[in-house]
Amino acid sequence: SIAQIEACDYSTYWNYGSFSLPKGFSSEAEFTDSVRQEAVEVISLDTDPEISSLSKVDFIKMDAEGFETEVLKGAKQIISKHRPDLFIEANDAKSVDEIIGALSQMGYVGQWVISHRFRHDNFNRTRIRVDGFDRNILFRHQGRNHQRLALSPARGYSDINGGIPILSAFRA
């Protein structure tokens, strides 16, 4: 399918990693530079010929800015076939609970990986500081043998109220 998205002059300093389909560049702060609309093709992982022809998929990183459940629906065959580890950013309660519910039905168990949102050494060296935390969940299939990690179990968004350690560095 075709989606209309915002496009701009990408040499402008900005946190382009926060782009979302419904909010464009203004998902975390107001983007004040000029934008134009651009048509892009949207396809699922299951229908992408390059991905569906892979003999092995071990890991999927997902940062879909509110479209996580749609991405999971479009990757159901790949996930069922390969049972990869999934590292999913989900920052709102509804998305987190939907993702945990969907993946637990597929045999996955999640663990929280929460980190500071802003890094001084970010790729574009942008000076725009975004406060807060990124809430990620590492999902691993129960049927695969994994090294045990010292991360808090992800049972639902309400886990956050109980206090989850913030990672400043990660070592297995």
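One can find the structure itself at the top, above this paragraph.
Conventions used here
- Residues numbered from 1 in each chain as written.
- Predicted model: local features only at pLDDT ≥ 70, side-chain atom pairs only at ≥ 80, totals over all residues.
- Heavy atoms only, no water.
- Helix = DSSP H or I, 4+ residues; strand = E, 2+ residues; numbered from the N terminus.
- Buried < 20%, exposed > 50% of the residue type's maximum accessible area, 1.4 Å probe, protein only.
- Lys, Arg positive; Asp, Glu negative; His and termini not counted.
- Salt bridge = Lys/Arg side-chain N within 4 Å of Asp/Glu carboxyl O.
- 1 Å grid on protein atoms, 1.4 Å probe; cavity = no way out; pocket = protein on both sides within 12 Å on 5 of 7 lines; lining within 4 Å.
- Points joined across faces, edges and corners; volume = space filled by probe spheres on them.
- Nonpolar A, V, L, I, M, F, W, Y, C, P; charged D, E, K, R; others polar.
- Contact = heavy atoms within 4.5 Å.
- Expected span 1.5 Å × (residues − 1).
- Arc of directions from axis to C-beta.
- Polar contact = N/O pair within 3.5 Å; in protein donor to acceptor, adjacent residues only side chain to side chain.

Attention now moves to the side chain of Arg135. Tracing the chain through its elements places Arg135 in strand 6 (residues 133-141). Lacking a salt bridge, the buried Arg135 has Asp134 as its closest oppositely charged neighbour, with an N-O distance of 6.9 Å.

When its volume is computed, the second largest pocket comes out at roughly 520 Å³. Those elements that provide at least two residues to the lining of the second largest pocket are strand 2 (36-41), strand 3 (59-62) and helix 2 (68-73). Among the elements that take part in the lining of the second largest pocket, strand 3 stands out by supplying three residues, more than any other. Of the residues in the lining of the second largest pocket, the class split is eleven nonpolar, four polar and five charged.

On to the pattern of salt bridges. As enumerated under the stated definition, the model contains four salt bridges in all. Members of the salt-bridge network, linked through shared partners, are Lys56, Asp58 and Arg144.

Take the environment of Lys76 next. Note on placement: Lys76 falls in helix 3 (residues 76-82). Once you skip the residues sitting within four places of it in the chain, Lys76 turns out to touch Asp46 and Met106.

A few words now on helix 4 (residues 93-105). Between its first and last C-alpha, helix 4 extends 19 Å over 13 residues, near the 18 Å set by a 1.5 Å rise per residue. The set of residues buried in helix 4 consists of Ser95, Val96, Ile99, Ile100 and Leu103. One side of helix 4 carries all its buried residues, which in axial view fall inside an arc of 125°. Exposed and oriented more than 90 degrees from the buried face of helix 4 are Lys94 and Gln105. Residues of helix 4 that are buried make contact with helix 2, strand 4 (85-89), strand 5 (108-116), strand 6 and strand 7 (153-154). The N-capping residue of helix 4, defined by a side-chain oxygen 3.3 Å from the backbone nitrogen of Lys94, is Asp92.

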